[in-house]
Amino acid sequence: MLAPVRSFCVYMFRRRVRMNSPYFTDSTSGLDTSASDSMGESAVNKGVRRLRSRMAQGLKSEDDPPKVKAEVLEQSISLLTHAQPPIGQMNCTETVSTCKKTTIKVKEEAVDNQALLTSSRKTRRGRLKVEYEEEGAELKREPCDWRTQLSFIREMRSKRDAPVDQMGAEKCYDTEAPPEVRRYQVLISLMLSSQTKDLVTAGAMQRLREHDLSVDAILNMDEETLGKLIYPVGFWRTKVKYIKQATALIQQEFGGDIPDTVEGLMRLPGVGPKMAHLAMDIAWNQVSGIGVDTHVHRISNRLGWTRKETKTPEETRRALEEWLPRDLWSEINWLLVGFGQQVCLPVGPLCSVCVNQHTCPAAHRSSPSKKLKTSPASPTPQVKGNLGQEKPRGNRRKGKAGAPPSGQTSVLHSA
């Protein structure tokens, strides 16, 4: 029974060689069985070699997908030609089943190889982590030595003997008045302090309090009387109008009490950002921002506490709030204002007695050959006499602010 099966397999093999081999001719039909087998095997081996050479020429790189497909095909052919036992030692059914099993195995290995290549590529890409900053985001920049400079300013301000310590806005209101009246008096003192020495502001506030400084009293007071009471503060005529308008707005829209927000305070005529933030701190005990006046503006630029030189106090406020810790916003105004009144003067600053002279970029800029008298490790120098104390300005703003009210001389009232 084995002979018919063998004959059938030989017949099928001859038909396969006839269809696939380009070198097959009809002259091979007369060959015997052994000759046919050897010719078929040689033809198949020759076709395999050609196929291998073509695939080798078409490969570009080992990562390209075509190479993986070529290797799969090469493996399947080699397994079919060399791994299988001779065709004469197995029947046709075993041959077909073995071919199927071998082909399936090679395809699975090809999928695994492709997955391995893909996973390795993903792993390499995952190692590169690129992070981008958000648009408009800036790194927090702190000036060099600012903590040391601030500690030295605290040391020089430890006596609390500057004019702002005795006659500032937090010292000019009536401590026995109702809360809404105290808050209103704080706002009025801030409005009067603009472009005015603390000594002059304190004198004007004392005269106003003697005439009952409240919302109702100011609304019932005429502008001429109010002008006489606040003179000679800077721009007193303009401030009379601002005080009357702001007081009327407080009575109409805020129920007789000053606004409790920065936006509300800035709606009042004559109130700017500095007054609004200071009023929130002193009157409402809320820190909303840094109050920057001429002293804070000047000293911050001299110490290099701004990224670049600022032109206005509002620019200085924004620059300081970018890096200065929030718990220092309330203290910084009081420290720098008193420091500017006694040591870091607008004209002729006393750099020789300042402990920050070694770290301040503006130290001795006007007289660079001046010899340093102190060092950072030395004790705080003593300021003798009334050094740096503010002097009454008299009526030097007469040309800008106008003449004094009728019935009043240009001599300052005693505070």
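Residues numbered from 1 in each chain as written. Predicted model: local features only at pLDDT ≥ 70, side-chain atom pairs only at ≥ 80, totals over all residues. Heavy atoms only, no water.

1. A closer look at the overall build of the chain
Within the chain, the secondary structure is distributed over 17 helices and zero strands. Each of the 415 residues in the chain was classed as buried or not, and the buried ones make up 38%. Here the contacts in the chain between residues at least 6 apart in sequence split such that 62% fall between residues at least 24 apart. Accessible area for the chain stands at about 25,200 Å²; split by element, carbon and sulfur atoms hold 53% of it. (Helix = DSSP H or I, 4+ residues; strand = E, 2+ residues; numbered from the N terminus. Buried < 20%, exposed > 50% of the residue type's maximum accessible area, 1.4 Å probe, protein only. Contact = heavy atoms within 4.5 Å. Areas by Shrake-Rupley, 256 points an atom, 1.4 Å probe, with all protein chains shown as cover.)

2. Side note on the pattern of salt bridges
Across all of its chains, the model carries eight salt bridges by this definition. A salt bridge links Glu331 to Arg154; the nearest nitrogen and oxygen atoms lie 2.9 Å apart. Taken together, the positions of Glu331 in helix α16 (residues 329–342) and Arg154 in helix α5 (residues 146–156) put the pair 177 residues apart, joining distant regions of the chain. For Glu331, a relative accessible area of 25% translates into the label partly exposed. Classification of Arg154 as partly exposed rests on a relative accessible area of 33%. (Salt bridge = Lys/Arg side-chain N within 4 Å of Asp/Glu carboxyl O.)

3. Description of the environment of Met205
Looking at the element boundaries, Met205 is found in helix α8 (residues 198–210). In this structure, the C-alpha to C-alpha distance between Met205 and Leu229, residues 24 residues apart in sequence, is 8.4 Å. Those residues in contact with Met205 that lie beyond four places of it in its chain are Cys172, Gln185, Ile188, Ser189, Leu192 and Leu213.

4. A closer look at the nonpolar core
Within the largest apolar cluster, 40 residues are counted, with the highest numbers of intra-cluster contacts made by Tyr184, Ile188, Leu192 and Ile230. Listing elements by their share of this core, those giving two or more residues are α7 (179–193), α8, α9 (215–220), α10 (223–230), α11 (236–253), α12 (262–266) and α13 (273–282). By residue number, the principal contributor to this core is α7, which donates seven residues. If near-sequence neighbours (up to four positions away) are discounted, Leu192 is found in contact with Thr201, Ala204, Met205, Leu208, Ile230, Val233, Lys239 and Ile243. Listed in part, the 33 residues of the second largest apolar core include Leu320, Leu328, Val337 and Ala363. (Core = buried A, V, L, I, M, F, W, Y, C linked by side-chain atoms within 4.5 Å.)

5. Thoughts on a positive patch on the surface
A grouping of Lys46, Arg49, Arg50, Arg52 and Arg54 is seen on the molecular surface, where their side chains present a positively charged patch. With respect to the helices, strands and loops of the structure, Arg50 is situated in helix α2 (residues 33–58). (Patch = residues over 30% accessible without salt bridge, like charges linked within 9 Å, V, L, I, M, F, W, Y side chains within 5 Å. Lys, Arg positive; Asp, Glu negative; His and termini not counted. Charge placed at Lys NZ, Arg CZ, Asp CG, Glu CD.)

6. A word on the packing of α10 against α11
Two numbers describe how α10 lies on α11: the axes approach to 9 Å, and their chain directions differ by 125 degrees. On the basis of their axis angle, the class for α10 and α11 is oblique. The element α10 and its partner α11 pack so that their crossing is right-handed. In this structure, α10 contributes Glu223, Leu226, Gly227 and Ile230 to the contact, and α11 contributes Trp236, Lys239, Val240, Ile243 and Lys244. By residue class, the composition of the contact of α10 with α11 is five nonpolar, one polar and three charged. (Axes fitted to C-alpha atoms, helices over the stretch in contact; angles between N-to-C directions. Parallel < 35°, antiparallel > 145°, perpendicular 65-115°, else oblique. Left-handed = near helix turned anticlockwise from the far one by under 90°. Nonpolar A, V, L, I, M, F, W, Y, C, P; charged D, E, K, R; others polar.)

7. Points about the environment of Arg298
Note on placement: Arg298 falls in helix α14 (residues 294–303). Separated by 13 residues in sequence, Arg298 and Lys311 place their C-alpha atoms 9.8 Å apart. Ignoring any residue separated from it by four or fewer positions in sequence, one finds Arg298 in contact with Gly340, Cys344, Leu345 and Pro346.

8. Examining the confidence of the model for the chain
Summarising the model, the chain shows a mean pLDDT of 75, and 57% of its residues fall at 70 or more. Scored below 50 in pLDDT, residues 23–33 makes 13 contacts in the model with residues more than four places away or belonging to other chains. A low-confidence stretch, residues 66–84 stays under pLDDT 50, and its non-local contacts, those more than four residues away or across chains, total 29 contacts. (pLDDT = per-residue confidence, 0-100.)

9. Remarks on the side chain of Ser189
Checked against the element boundaries, Ser189 lands in helix α7. For Ser189, the residues in contact, after removing those within four places along its chain, are Ala169, Cys172, Thr201 and Met205.

10. A short note on the packing of aromatic side chains
Under the definition given, this model contains three aromatic pairs. Centroid distance Tyr231 to Trp236: 5.6 Å. Interplanar angle 90 degrees. Geometry classified as edge-to-face. In this structure Tyr231 comes out as buried when scored by relative accessible area, which is 2%. On the numbers, 5.9 Å between centres and 85 degrees between planes, the contact of Trp305 with Trp323 is edge-to-face. Taken as a pair, Trp305 in the loop between α14 and α15 (313–321) and Trp323 in the loop between α15 and α16 lie far apart in primary sequence, 18 residues in all. Overall, the relative accessible area of 3% leaves Trp323 in the buried class. Each residue in the set Trp146, Trp305 and Trp323 is aromatic and connected to the rest through ring pairs, giving one cluster. Over the ring of Trp284 we find Arg183; its NZ or CZ atom is 4.2 Å from the centre of that ring. (Phe/Tyr/Trp six-rings, centres within 6.5 Å; stacked < 30°, edge-to-face > 60°. Lys NZ or Arg CZ within 6 Å of the ring centre and 35° of its normal.)

11. Observations regarding α13
Among the ten residues of α13, seven are classified as buried, and the element is accordingly described as predominantly covered. Among the residues of α13, those classed as buried are Met275, Ala276, His277, Leu278, Ala279, Met280 and Asp281. The inward-facing, buried residues of α13 contact α7, α12, α15 and α16.

12. Details of α16
Counted at 1.5 Å a residue, the expected span for α16 with its 14 residues is 20 Å, and the 21 Å between its end C-alpha atoms agrees. Most of α16 sits inside the fold, with twelve of its 14 residues counted as buried. Of the residues making up α16, those classed as buried are Trp329, Ile332, Asn333, Trp334, Leu335, Leu336, Val337, Gly338, Phe339, Gly340, Gln341 and Gln342. (Expected span 1.5 Å × (residues − 1).)

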